[in-house]
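One letter stands for each residue in the lines below.
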Amino acid sequence: MSNRLFQSVVHQMRDAVDRTIGVIDETYTVVACSDLGKIGENLEVSLMHGAAESEPFVSGRYTYKPFGTPQHPEYMIFVEGTDVEAARYCSILAVSLASIKFYYDENYDRGNFIKNIILDNILPGDIYLKARELRFNSDVTRTVLLIRVASKNDVSVYDIIGNLFPDKTKDFVINISETDIALVKETKQGVSSETITKLANSIVDTLSGEFYTQVSVGIGTTVSSLKDLARSFKEAQVSLEVGKVFDTEKSIVSYDNLGIARLIYQLPTTLCETFLREVFKKGSIDSLDQETLFTIQRFFENNLNVSETSRKLFVHRNTLVYRLEKIRKITGLDLREFDHAIVFKIALMVKKYLKSNPVKY
Amino acid sequence: MASLSLRNIYKKYPGGVVAVSDFNLEIKDKEFIILVGPSGCGKSTTLRMVAGLEEISSGELYIGDRLVNDVAPKDRDIAMVFQNYALYPHMTVFDNMAFGLKLRKTSKDEIKRRVEEAARILDIEHLLERKPKALSGGQRQRVALGRAIVREPKVFLLDEPLSNLDAKLRAQMRTEITKLHQRLGTTFIYVTHDQTEAMTMGTRIVVMKDGFIQQVDAPQKLYEFPCNLFVAGFIGSPQMNFIEAKVLKENDDFFVEFGSEDTKTRAGVKYQIKLPASKNKDNCLEAYVDKEVIFGIRPEHVHNEPELVANLPDGIVEANVEVTELMGAETYLYMNCEGQAINARVDPSSTARAGDTIKIAIDPAKIHIFDKDTEKTICN
């Protein structure tokens, strides 16, 4: 779409500029030119890394100037000649084309369209009309990943994600808030959740390894229609929220993998409070100290096996049995029994949920 | 270049999970330290605490003489390489390596100097104009390393950087990283779950399990003198054989006895292996007489070559061969000896075949004995 716009401007300027002018894309292919025969040709441009990238530079017979997004200029204007005048033409044309591109993007931007979908800012009926207008491929599946910046840094996470997924026809990076960035990623049909998790891992690792920035990623389910992107986005949001409560040590939480936390997160708080009162009739869970709770955690991790847990805790078996007895006296629950153990496990999760200050209802 | 000091480091998550407990380690300047252990043992968490990506719950971390617990990651003078690195697909190798520096507003001349220097060290100067899709797996990995090198850090932190590579490339990159360490002369901390990587690369290895350090030592010492059953089993491939046995004493001689003999029916066989006097250092075996222990023997110390069997009359047992694996330079025999699995690494000329009952010799001098309850080493 932009190419047609560029060609139109270049064509109009052809008479005003007495030399060949045109635009090349990231692959150095001519996408618009005053000499129509050149369109589709590949120009050999050798970039000078030392030079300031926003300034015009000379390579071969032409003078070039990049334009587009400041961090990642997608296009370059080229003007025949290596003299000062060519550089001046370049600068003028770059300003003009960049402004037109900006105006065009604002009105017909696919990114904006996707943003409106995931934020429910567009009527469902309009989605298909606009999608057809913007020539969206409806045969592909997409997944929404929500990236939340945990530690502030002086780098722009949005720019980095944009550079990791630069194909603007397939992937969309959208700034949701100061801390949240959504990535709508085109995926292959039947993509596995492991592949998406690996992708999320690469985002987390690149940001922490390269830029010392900690992020957590929520992954929504993979959807096949554009209108379902809003659902995938909400799922990614829920994953992050649930992860914050129940999986504090994890940086990647997938909606497909929330387990029992998914159920507890949706329970009314009043019901949760009633449940806790019922379970801990004899005494409050708060009367259990940190060491006891740690012991319980390890006991669950070791499948209620007393010998194994005592070995892991470096305590004598009898010490552990004594601690379990103490818990039984306080709570009335014997954790060595499966039924009691599962009630206690759920009660601990409910407690965690209530501690996270959910909306009370 | 810098030394590191980790003192009583703990990592406790708000949910109650304790990932690292009482971690104490002194890392010397220019050392290549490996953190190794199974998944979930806390090695990556420890590395991330050193990096500043995880808060230290308690304890002190010094880089050089500076306490860095509250220092931001970017000010710790470290660089990290992770398993799931991603390159910027639309950028050239040069730009991929320069991108981080550009965002940190490093001058163009300095960026050029650092990238070219890193490319020279990694031998990728000829690839600088290429884009990631035109690179092989190994070349991409080098670019990822290059991104860390251009920062010229005091400490390199590598978290399973080779896990995504195939076996051949992994072996090649192991050597490359070792050479890189020698060339850069910087402190390296390397996390892996692969004991081969640990044994071949590090100057010292830290074996971890369940958030605790099990043992810290040079690779060879770790292999020969494991401090407990876990370290003995984790280090070495194929794994050390573990056999349930009983310690016996006759006169001043100690034996390990194992087998399947039923005390009532007398069915089955019991074997006794006489231990050399050196195993009873500080009279350590005395307390275990008539008690159950676990004895360990590495597969290379179980022999079926006739001349070696003849030389080890105190350690001969009979075993049924279940599977043989010819590896080229050696053959692995997977056997069953009175219900206990024993693996041996023998000469490839061995004629033992599956189904055979053969005589094997366990070298008594190489036996390790472990306490069955505490799993600690009694003698090596």
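Here is what the cut-offs are and how they apply
Residues numbered from 1 in each chain as written. Chains lettered and ligands numbered in written order. Predicted model: local features only at pLDDT ≥ 70, side-chain atom pairs only at ≥ 80, totals over all residues. Helix = DSSP H or I, 4+ residues; strand = E, 2+ residues; numbered from the N terminus. Rg over C-alpha atoms; globule rule 2.2 N^0.38 Å. Buried ≥ 20, exposed ≤ 12 C-beta atoms within 10 Å, placed from the backbone. Contact = placed C-beta atoms within 7 Å. Pairing = 2+ DSSP bridges. Arc of directions from axis to C-beta. Nonpolar A, V, L, I, M, F, W, Y, C, P; charged D, E, K, R; others polar. pLDDT = per-residue confidence, 0-100. Axes fitted to C-alpha atoms, helices over the stretch in contact; angles between N-to-C directions. Core = buried A, V, L, I, M, F, W, Y, C linked by C-beta atoms within 7 Å. Expected span 1.5 Å × (residues − 1).

Asker: Quick question: what am I supposed to make of the overall build of chain A here?
Answerer: A count of helices and strands for chain A gives 13 helices and 10 strands. Taken over the C-alpha trace, chain A has a radius of gyration of 29 Å; the compact-globule value for 361 residues is 21 Å, which it surpasses by more than 25%. If one aligns the C-alpha atoms of chain A with their principal axes, the spans along those axes are about 95 × 50 × 35 Å. The proportion of buried residues among the 361 residues of chain A is 33%.

Asker: Explain the overall build of chain B here, please?
Answerer: Tallying secondary structure elements over chain B gives nine helices and 21 strands in all. Counting only residues that meet the buried cut, chain B has 41% of its 380 residues in that class. When contacts within chain B are restricted to residue pairs at least 6 apart in sequence, those whose partners lie at least 24 apart make up 65%.

Asker: It is not clear to me how the pairing of strand β8 (residues 180-187) of chain A should be interpreted in this structure. Could you clarify?
Answerer: Regular strands show a simple pattern: their side chains alternate between the two faces of the sheet. Residue and element names in this part refer to chain A. Relative to β8, strand β6 (residues 141-149) runs antiparallel, the two sharing eight bridges. From the neighbouring strand, Val144 faces β8, where its bridge partner is Val184. Where strand β7 (residues 172-175) meets β8, four bridges bridge the pair, whose relative direction is antiparallel. Across the sheet, the residue bridging to Val173 is Leu183, located in β8. Hairpin connection, β7 to β8: the antiparallel pair is bridged by four residues.

Asker: Just to check I follow, could you spell out helix α3 (residues 110-118) of chain A for this structure?
Answerer: Every α-helix winds through 3.6 residues per turn, so residues three or four apart in the chain are directed the same way. Residue and element names in this part refer to chain A. For α3, every residue scored as buried is listed here: Phe113, Ile114, Ile117 and Ile118. In an axial view of α3, the angular spread of the buried residues amounts to 130 degrees, which keeps them on one side of the axis. For α3, the secondary structure elements touched by its buried residues are α4 (124-133), β6, β7, β8 and α7 (229-246). The positive-phi residue at the C-terminal boundary of α3 is Asp120, with phi of around 60 degrees.

Asker: In this structure, what is going on with the interface of chain B and chain A? I would like to understand it.
Answerer: Listed as interface residues are 29 residues of chain B and, on the opposing side, 25 residues of chain A. Listed by contribution, the elements that provide at least two residues to the side of chain B that touches chain A are β2 (18-27), β6 (78-82), α2 (93-103) and α3 (108-122) of chain B. Of the residues assigned to the side of chain B that touches chain A, the class counts are 16 nonpolar, seven polar and six charged.

Asker: Sorry, what's going on with the confidence of the model for chain B here?
Answerer: Predicted coordinates in regions of low pLDDT should not be interpreted in detail. The share of residues in chain B with pLDDT of 70 or more is 97%, and the mean pLDDT across the chain is 91. Model confidence for the complex is summarised by a pTM of 0.78, with the ipTM given as 0.77.

Asker: What is the right way to read the sheet that holds strand β2 (residues 30-33) of chain A from this model?
Answerer: Strands belonging to one sheet form pairs held by backbone hydrogen bonds; the direction of such a pair is parallel or antiparallel. Residues and elements named next belong to chain A. On the basis of which strands lie adjacent, the open sheet formed by five strands has the order β2-β1-β5-β4-β3 and antiparallel pairing. Each having just a single partner strand, β2 and β3 (57-59) make up the two edges of the open sheet. Averaged over all adjacent pairs, the angle separating strand axes in this sheet is 30 degrees, with direction ignored. Here strand β4 (residues 62-67) pairs with strand β5 (residues 75-80) via six bridges, running antiparallel. Across the sheet, the residue bridging to Thr63 is Val79, located in β5. Running at roughly 35 degrees to β2, helix α1 (residues 2-13) makes contact with β1 (21-24) and β2 of the sheet.

Asker: Just to check I follow, could you spell out the nonpolar core for this structure?
Answerer: Burial of nonpolar side chains together is a common tendency in soluble globular proteins. Ile147(A), Ile161(A), Val217(A), Leu229(A), Leu157(B) and Ile189(B) are the most contacted members of the largest nonpolar core, which has 165 residues in total. When residues in this core are grouped by element, the largest group, eight residues, is from α7(A). Setting aside chain neighbours within four positions, we find Ile189(B) in contact with Ile27(B), Ile33(B), Leu35(B), Leu47(B), Val50(B), Val155(B) and Leu157(B).

Asker: Teacher, can you tell me more about unusual backbone geometry here?
Answerer: For residues other than glycine, phi is negative in most cases, and the peptide bonds are mostly trans. Look at the link from Ser237(B) to Pro238(B): it is a cis peptide, with omega at -5 degrees. Mapped onto the fold, Pro238(B) is located in the loop between α8 (229-234) and β11 (241-250). In the Ramachandran plot, Tyr28(A) falls in the positive-phi region, its phi being about 65 degrees despite a non-glycine side chain. Relative to the helices and strands, Tyr28(A) is located in the loop between β1 and β2. In this structure Tyr28(A) comes out as partly exposed when scored by C-beta crowding, with 16 C-beta atoms within 10 Å.

Asker: Sorry, what's going on with helix α5 (residues 167-184) of chain B here?
Answerer: Residue and element names in this part refer to chain B. The end-to-end C-alpha distance of α5 is 25 Å, a good match for the 26 Å that 18 residues give at a rise of 1.5 Å each. Met173, Ile177 and His181 are the residues of α5 that are buried. Angular distribution of buried residues about the axis of α5 spans 85 degrees; they occupy a single face of the element. Facing away from the buried surface of α5 by more than 90 degrees, the exposed residues are Lys168, Thr175, Gln182 and Arg183. Buried-residue contacts for α5 involve β3 (32-36), α4 (137-149), β8 (187-192) and α6 (195-201). Phi turns positive, to about 60 degrees, at Gly185, one or two residues after α5.

Asker: Help me understand the pairing of strand β10 (residues 212-217) of chain B, please; the structure alone is not making it clear to me.
Answerer: Where strand β9 (residues 204-209) of chain B lies against β10(B), five bridges are found, and the strand directions are antiparallel. Bridged to Val207(B) within β10(B) is Gln215(B).

Asker: How do you make sense of the sheet that holds strand β10 (residues 252-254) of chain A when you look at a structure like this?
Answerer: Residues and elements named next belong to chain A. The strand order across the open sheet built from five strands is β7-β8-β6-β9-β10, with neighbouring strands paired in mixed fashion. Each of the sheet's edge strands pairs with one partner strand only, and the pair in question is β7 and β10. Averaged over all pairs of adjacent strands, the angle between their axes in this sheet comes to 20 degrees, without regard to strand direction. Bridging between β6 and strand β9 (residues 215-219) involves five bridges; their strand directions are antiparallel. Its bridge partner lying in β9, Ile147 is registered against Val217. Contacts from helix α6 (residues 193-211) reach β6, β8, β9 and β10, with the element oriented near 165 degrees to β9.

Asker: What should I look at first to understand the environment of Leu207(A) in this one?
Answerer: Residues and elements named next belong to chain A. Along the chain, Leu207 turns up in helix α6. Using a count of 25 C-beta atoms within 10 Å as the deciding quantity, one classes Leu207 as buried. Between the C-alpha atoms of Leu207 and Leu293, which are 86 residues apart in sequence, the distance is 34 Å. Sequence-distant contacts of Leu207, defined by excluding residues within four places in its chain, comprise Val157, Ile160, Thr213 and Val215.

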